[in-house]
Amino acid sequence: MSDPSRVRFPWHRSAVKVLTTVVAVAASLVALSTAVYLASGEVHRVDDAVFESVAGFTTTSLTVVDPEALPAWLLCWRAATQWLGGAGALMFALVVVPTFGGQRRLSEVAGGWGRIAVLARTWSHTAGRVVLVYAGFTAAVIAAYTAAGMGAFDAATFGLTTASTGGFANYRDSFAHFDSAAVEWVGAWAMALAGMSVAALAWLARGQVRALWRSTELKLYTGLVLVATVLIAAWTWTDSGEGADAIRQSFFTVASAISTTGFRVVDWGPWVAAPQTLLLLLIGVGSMAGSAGGGFRVLRVIAILGIVRRELVLQLHPQAVVRVKVSGVAAPEASLTRVHVFQILWVLAAAVGVFGIASLGGDLPTAVSGAISSLATAGPGLGDLAGFADATAVTAPARGVMIGLMFLGRLSIYPVVVVIGWGVGEVQRMRLRR
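Here the structure is a predicted model, which is why all the values come from computation and not from measurement.

**Digging into the overall build of the protein chain**
Scanning the protein chain for helices and strands turns up 16 helices and 2 strands. By the burial criterion, 53% of the 434 residues in the protein chain qualify as buried. In the protein chain, 70% of the contacts between residues at least 6 apart in sequence involve partners at least 24 apart. Of the accessible surface of the protein chain, which amounts to about 19,100 Å², a share of 66% is contributed by carbon and sulfur atoms.

Set out below in structure tokens:
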């Protein structure tokens, strides 16, 4: 029998090359955007320019600049980086999933885990249709904002940052600036839809509602939105104004959290602990698989719950054969293993982030909410992050930790970890050869 200590991990060089390319492209885009911010003269510190650039391409709503002091062209650039970040996230899913042995599937829609809705048979056709749906959804959101009373410039920039679940606003007080129920309703529904997968949006556009509703993921996503809206409306009934105002603002806040968009119509920093905790949980869970949103993803939550149920059954019936099913179809064991590993990496990254932010000047609410929100590429938080996506109150070193978390979260952790692991392995092999 061979010595286990001498067994090498079977790295697939083509997969490592793809992942290295993805990480390098993301870093290059951040560097380009950093140069743009510095050249504009509006951002004077390199670390602030890096933070703004990473927040842009990772579709996180946090900012360290005053949006109302920026020229129109820079606001357009900021909105464009978020839209490109959202498009890149969708394309990224088409590249990374096959790298780890999966198929080019965007989301569990009608038919379960084994028959996830495939938009097209080939990669190029799939990518083309994804871009088409994404661009069409963006155009529809822009049109809806215009109809609700936004000006052309605001409708265009807010449309880009809503469809991409980016959450950058042209104003310090985000959506509260408009003081318009119509604009808030449009924003809330647009964010809720943006948290759905591109495949699900395509099914909706085709009118295949009955087939779409077979999706366990969509049912859970919808259920979370509805239940959370009711709970937060009840908790904040007197704070948000009774009746339609409370319901609208609660729905807006929940849609913003679960889609990881980060827009705000109210500051939930002063709320009691219960709704704050619920919103942080929604941010952590995040959007549906195959969307531009971030977070742990609803589909992975379903898989984890299935694994927990199976283990509990096996405690009572050790000889039983229990399969984890999603929408009535058994999930492959390899997929469940990847979900479990991702869960460990996600929790570990969040824990390291909490410790890092707390060690570098953040209080506990800032550290916990900042780590979760940054890793989920959302933005809103508590403590120094309370308010409307302003991160200037956080110390510069702590913002450096948040930069790393945003980058990890947008790239789904795996690529960065794999590239680092491969690099360390290569260095060790070079040393052994010497």
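Here the narrative resumes.
**Section: the nonpolar core**
If you look at the biggest cluster of nonpolar residues, it comprises 107 residues, and the most contacted ones within it are Phe 158, Phe 175 and Trp 346. Broken down by element, the residue count for this core peaks at 8 residues, all from helix α13 (residues 333-359). Not counting chain neighbours up to four residues away, the residues in contact with Phe 175 comprise Tyr 145, Met 150, Phe 158, Val 183, Glu 184, Gly 187, Phe 252, Phe 263, Arg 264 and Val 265. One finds Trp 83, Ala 87, Met 91 and Val 130 within the second-largest nonpolar core, a separate group that totals 8 residues.

**Details of the packing of aromatic side chains**
Overall, the coordinates contain 14 aromatic pairs when judged by the stated rule. Between Trp 83 and Tyr 134, the ring centres sit 4.7 Å apart and the planes meet at 25°, which makes this aromatic pair stacked. Taken together, the residues Trp 83 in helix α3 (residues 72-99) and Tyr 134 in helix α4 (residues 123-148) connect sequence positions 51 residues apart. The residues Trp 83 and Tyr 134 share a single accessibility class, namely buried. On the numbers, 6.0 Å between centres and 50° between planes, the contact of Tyr 145 with Phe 175 is tilted. Residue Tyr 145 is located in helix α4, and its partner Phe 175 is located in the loop between α5 (152-163) and α6 (181-194); the two are separated by 30 residues in the primary sequence. One aromatic cluster is present, built from ring pairs that chain together Tyr 145, Phe 158, Tyr 171, Phe 175, Phe 178, Phe 252 and Phe 263. Positioned over the ring face of Phe 342 is Arg 300, at 3.7 Å from the centre of the ring.

**Side note on the side chain of Ser 291**
With respect to the helices and strands, Ser 291 occurs in the loop between α11 (273-285) and α12 (298-316). Polar side-chain contacts of Ser 291 include one of 3.0 Å to the side chain of Arg 297. In contact with Ser 291, not counting residues within four places along its chain, are Leu 90, Ala 194, Gly 195, Met 196, Ser 197 and Arg 297.

**Observations regarding helix α15 (residues 396-410)**
Taking 1.5 Å as the rise per residue, α15 with 15 residues should run 21 Å; its terminal C-alpha atoms sit 21 Å apart, in good agreement. What α15 keeps buried is the set Ala 398, Arg 399, Met 402, Ile 403, Leu 405, Met 406, Phe 407, Leu 408, Gly 409 and Arg 410. Taken from the residues just after α15, Ser 412 is the one with a positive phi, measuring 60°.

**Focus: the confidence of the model for the protein chain**
Across the protein chain, pLDDT averages 85, with 87% of residues at or above 70. Looking over the protein chain, one finds the lowest element-wise mean pLDDT in helix α8 (residues 209-212), namely 74, and the highest in α5, namely 97. Counted against residues more than four places away or in other chains, residues 1-11, with its pLDDT under 50, gives 7 contacts. Under a pLDDT of 50 for its full length, residues 101-120 has, in the predicted model, 73 contacts with residues more than four places off or in other chains.

**With respect to a nonpolar patch on the surface**
A surface patch of nonpolar side chains, amounting to about 410 Å² of accessible area, comprises Trp 185, Trp 189, Trp 237 and Ile 247. Tracing the backbone shows Trp 237 in the loop between α9 (216-235) and α10 (244-258). For Trp 237, a relative accessible area of 32% gives the class partly exposed.

**Section: the environment of Arg 300**
By the secondary structure assignment, Arg 300 is in helix α12. Ignoring any residue separated from it by four or fewer positions in sequence, one finds Arg 300 in contact with Val 339 and Phe 342.

**A short note on helix α2 (residues 46-57)**
For α2, spanning 12 residues, the distance from its first C-alpha to its last is 17 Å, which sits close to the expected 16 Å at 1.5 Å a residue. Burial within α2 is extensive, with 9 of its 12 residues counted as buried. Burial in α2 covers these residues: Asp 48, Ala 49, Phe 51, Glu 52, Ser 53, Val 54, Ala 55, Gly 56 and Phe 57. Phi turns positive one or two residues past the end of α2, at Thr 59, with a value near 55°.

**Description of the environment of Ala 31**
Here Ala 31 is to be found in helix α1 (residues 13-40). Taking the relative accessible area as the measure of exposure, Ala 31 reaches 46% and is therefore partly exposed. Taking the C-alpha atoms as reference, Ala 31 lies 9.1 Å from Val 54; in sequence the two are 23 residues apart.

Thresholds applied
Residues numbered from 1 in each chain as written. Predicted model: local features only at pLDDT ≥ 70, side-chain atom pairs only at ≥ 80, totals over all residues. Heavy atoms only, no water. Helix = DSSP H or I, 4+ residues; strand = E, 2+ residues; numbered from the N terminus. Buried < 20%, exposed > 50% of the residue type's maximum accessible area, 1.4 Å probe, protein only. Contact = heavy atoms within 4.5 Å. Areas by Shrake-Rupley, 256 points an atom, 1.4 Å probe, with all protein chains shown as cover. Core = buried A, V, L, I, M, F, W, Y, C linked by side-chain atoms within 4.5 Å. Phe/Tyr/Trp six-rings, centres within 6.5 Å; stacked < 30°, edge-to-face > 60°. Lys NZ or Arg CZ within 6 Å of the ring centre and 35° of its normal. Polar contact = N/O pair within 3.5 Å; in protein donor to acceptor, adjacent residues only side chain to side chain. Expected span 1.5 Å × (residues − 1). pLDDT = per-residue confidence, 0-100. Patch = residues over 30% accessible without salt bridge, like charges linked within 9 Å, V, L, I, M, F, W, Y side chains within 5 Å. Salt bridge = Lys/Arg side-chain N within 4 Å of Asp/Glu carboxyl O.

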